[in-house]
Amino acid sequence: MKKSIFTIENNERLTQDVYKMSLRGDTSDFKAPGQFVNIELEGLYLRRPISVCDLDGSNLTLIYKVVGKGTEQLSRMSRGKTLDLLTGLGNGYDTQKSGNTPLLIGGGVGVPPLYLLAKKLLAEGKTPTAILGFNTESDVFYENEFHALGMEVSITTVDGSRGTKGFVTDAMKNCEVYSYTYSCGPELMLKAVYRASVTEGQFSFEERMGCGFGACMGCSCETKYGYKRICKDGPVLEKGEIVW
Amino acid sequence: MVDTKITLSGLTLSNPVIPASGTFGYGAEFAELFDINILGSLSFKGTTLEPRFGNPTPRIAECESGMINSVGLQNPGLKAVCEHELPKLAEVFKKPVIANLSGFSIEEYIECAMAMDKQQNVGIIEVNVSCPNVHGGGMSFGVSPKAAAEVTRAVKAVTTKPVYIKLSPNVTDIVSIALACEEAGADGLSLINTLLAMRIDLKTKKPILANKMGGLSGGAIFPLAVRMVYQVYEAVKIPIIGMGGVSSAEDVIEIMLAGASAVQIGAANLKNPYACKEIIEDLPRVMEKYGINSLSEIIGGAHA
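Residues numbered from 1 in each chain as written. Chains lettered and ligands numbered in written order. Predicted model: local features only at pLDDT ≥ 70, side-chain atom pairs only at ≥ 80, totals over all residues. Heavy atoms only, no water.

## What about the overall build of chain B?
- If you tally the helices and strands in chain B, you get nine helices and 16 strands.
- Radius of gyration (C-alpha) of chain B: 18 Å, near the 19 Å computed for a compact globule of 304 residues.
- For chain B, the spread of C-alpha atoms along the principal axes amounts to about 50 × 50 × 40 Å.
- Taken over 304 residues, chain B has a buried fraction of 60%.
- Expressed as a percentage of contacts within chain B between residues at least 6 apart in sequence, the contacts between residues at least 24 apart total 71%. (Helix = DSSP H or I, 4+ residues; strand = E, 2+ residues; numbered from the N terminus. Rg over C-alpha atoms; globule rule 2.2 N^0.38 Å. Buried < 20%, exposed > 50% of the residue type's maximum accessible area, 1.4 Å probe, protein only. Contact = heavy atoms within 4.5 Å.)

## Regarding the environment of His84 of chain B
- In this fold, His84 of chain B is placed in helix α2 (residues 78-92).
- Sequence spacing of His84 of chain B and Val155 of chain B is 71 residues, and the spatial spacing of their C-alpha atoms is 23 Å.

## Brief notes about the interface of chain A and chain B
- Each partner contributes residues to the interface: chain A has 29 residues there, and chain B has 38 residues.
- Across the interface of chain A and chain B, roughly 2,700 Å² is buried in total on both sides, 56% from carbon and sulfur atoms.
- Our count for the chain A to chain B interface comes out at three salt bridges.
- Measuring nitrogen to oxygen at the nearest pair gives 2.7 Å for the salt bridge that ties Glu62 of chain B to Arg48 of chain A.
- Remark: the boundary between chain A and chain B carries 13 residue pairs in polar contact (both at pLDDT 80 or more).
- Sorting the residues of the side of chain A that touches chain B by element identifies β13 (220-223) and β14 (226-229) of chain A as the ones contributing at least two each.
- A per-element tally of the side of chain A that touches chain B places β13 of chain A first, with three residues.
- Per-class residue counts for the side of chain A that touches chain B are 15 nonpolar, four polar and ten charged. (Buried area = accessible area lost by both parts, 1.4 Å probe. Salt bridge = Lys/Arg side-chain N within 4 Å of Asp/Glu carboxyl O. Polar contact = N/O pair within 3.5 Å; in protein donor to acceptor, adjacent residues only side chain to side chain. Nonpolar A, V, L, I, M, F, W, Y, C, P; charged D, E, K, R; others polar.)

## Details of the layout of surface pockets
Residues and elements named next belong to chain B.
- Roughly 1,000 Å³ of volume is contained in the second largest pocket.
- What lines the second largest pocket is a set of 46 residues, and nearest its centre among them are Asn69, Asn128, Asn193, Thr194 and Gly215.
- Within the residue set of the lining of the second largest pocket, elements represented by two or more residues are β4 (43-47), β6 (66-69), β11 (195-197), β14 (214-217) and β16 (262-265).
- Tallying contributions element by element places β14 first for the lining of the second largest pocket, with three residues. (1 Å grid on protein atoms, 1.4 Å probe; cavity = no way out; pocket = protein on both sides within 12 Å on 5 of 7 lines; lining within 4 Å. Points joined across faces, edges and corners; volume = space filled by probe spheres on them.)

## Here we look at the domain arrangement of chain A
All names here are of chain A.
- What the domain assignment reports for chain A is domain 1 (2-89) and domain 2 (93-204).
- On a C-alpha basis, the centres of domain 1 and domain 2 stand 23 Å from each other.
- Domain 1 puts 16 residues into the contact, and the matching count from domain 2 is 14 residues.
- The junction of domain 1 with domain 2 conceals about 1,300 Å² of combined surface from both sides, 66% of it contributed by carbon and sulfur atoms.
- At the surface where domain 1 touches domain 2, the tally comes to one salt bridge.
- At the junction of domain 1 and domain 2, the tally comes to four residue pairs in polar contact (both at pLDDT 80 or more). (Domains from an automatic or database assignment.)

## Some words on helix α3 (residues 106-117) of chain B
Residues and elements named next belong to chain B.
- Helix length check: α3, at twelve residues, gives a terminal C-alpha distance of 16 Å against a target of 16 Å (1.5 Å per residue), a fit within 8%.
- Buried within α3 we find Ile106, Glu108, Tyr109, Cys112, Ala113, Ala115 and Met116.
- Looking at the buried positions of α3, the neighbouring elements they touch are β4, α2, β7 (97-102), β8 (122-128) and α4 (145-156). (Expected span 1.5 Å × (residues − 1).)

## Section: the pairing of β14 of chain A
Residue and element names in this part refer to chain A.
- Taken together, the four bridges between β13 and β14 define a ladder with antiparallel strand orientation. The residue of β14 that forms the bridge with Ser220 is Arg229.
- In this structure, the hairpin formed by β13 and β14 is closed by a connection of two residues. (Pairing = 2+ DSSP bridges.)

## Some remarks on unusual backbone geometry
- That bond from Gly234 of chain A to Pro235 of chain A is cis: its omega, 10°, falls within 30 degrees of zero.
- If you trace the backbone, Pro235 of chain A turns up in the loop between β14 and β15 (236-238).
- Backbone torsion omega between Thr57 of chain B and Pro58 of chain B reads 0°, so that peptide bond is classified as cis.
- Looking at where Pro58 of chain B falls in the secondary structure, it is placed in the loop between β4 and β5 (60-63).
- Here the phi dihedral of Ser9 of chain B falls at roughly 45°; this positive angle occurs in a residue that is not glycine.
- With respect to the helices and strands, the residue Ser9 of chain B is situated in the loop between β1 (6-8) and β2 (11-13).
- The phi torsion at Lys205 of chain B lies on the positive side, around 60°, for a residue other than glycine.
- Assignment of secondary structure puts Lys205 of chain B in the loop between β12 (200-201) and β13 (206-207).
- By relative accessible area, which is 63% here, Lys205 of chain B ends up exposed.

## Details of the sheet that holds strand β10 (residues 164-165) of chain A
All names here are of chain A.
- On the basis of which strands lie adjacent, the open sheet formed by seven strands has the order β10-β9-β8-β7-β11-β12-β15 and mixed pairing. Only two strands of the sheet have a single partner each, and these edge strands are β10 and β15.
- Bridge count between strand β7 (residues 102-107) and strand β11 (residues 180-184): five bridges; the pairing is parallel. From the neighbouring strand, Ile105 faces β11, where its bridge partner is Ser183.

Structure representation (structure tokens):
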């Protein structure tokens, strides 16, 4: 963990309520895709945890959905503003276990951390494919960015306005063979993916946090191998340890 | 050169700043960031006899200038704390620590205190009396002078280490409970614990916390803490560790003027992991600003 000041380079709207923020600062403490930052905001007592979408040198990309006071405040910020961030939080995804053809499954704002994961897997010479699930066509973001990495991407929408109609698990039925499952998204989706997945895998969880760095026990969960803190021992849990 | 030293039941602390139990774990996360040996002492995560997972999540809610937690005393239990956590803590923190204990019966407090009495790096035993007494209809030990005194006597009987009772503010008269603990032999008092609070989510129209209610901490409760420390200081002769929303060097001095001999920092650590370090480093400047040469001389200074 590091605490440092980042400067906003850009903050743009991707869909009706999803924004992409690019920042510049000390990114030296990030070790794996799937880690997150915890952002101090004016007038709010607790920091806001947001997962990392992309890292490139000192550039950090965050994608967030406006759901409350904190993210609403973030959405109004513009270039040049500085933010106090705790960086390098959480364990992140382990790419060692992926095999050659891992499947990445994201839902809504669970999609962003899979982008950096895909980049890392590709850099390691693997061939990941992705299923990205949204509610409707106007909610879809980052499809082109995943394509631009040179990988196969399927989109699902609940109302069928784009891609496969239904849930990410409906698109999973068309996947012939994959070596490993990586997932991030709402808990109901994670649970469905957990059940539908035919391989081992890693799932990234969300929880209301106090500190975000393992001190307060605010976000603990039970696993098959004891209690874990989502913020410090997670947010990524192995399929084999999740109690479902 | 200002003097930040204070003494607490015979222990000399280089400064009065102590992270509060439950906001600093066993120090490891903070030791990654700075040398935690600058702290006066450290009150580690509350220990119970048996391992506890605690309450279901969500356990955290937020409010103006504070937060509400319903962690529910998650800890690995007495045996694991003594065998694993305390040796690890001793590697990163070389000074005497404060062992915060909780129990759901008098017997549990006794067992925990007996084990902590044998731990070399434990300087003070801090007894959390805010837990429900399972043999007393689930009422908290800390809300009755009689029950609080009973816990105090039981713990005092099994340890030679100084015993501080951590008082609950969720009472009608904190002074009567403080006096009962003093009379029962307490060496000192820690106050205040969190205040029972609740938030309701407008989207779900239900309480945010799975446990419905939790303990409020943070800047929001600081004036309450100052008032209660002030009232208790008037009534007792034993030292007080003041806490409750302390977030700055100015707050440290204010609560010491109310009567605290040392000060614990809680929720501020979760918002800013450097909070204790920044407060310690800022103390000399603030002391000079207000013409204070020695912190130990200002304890209770607000009283006539």
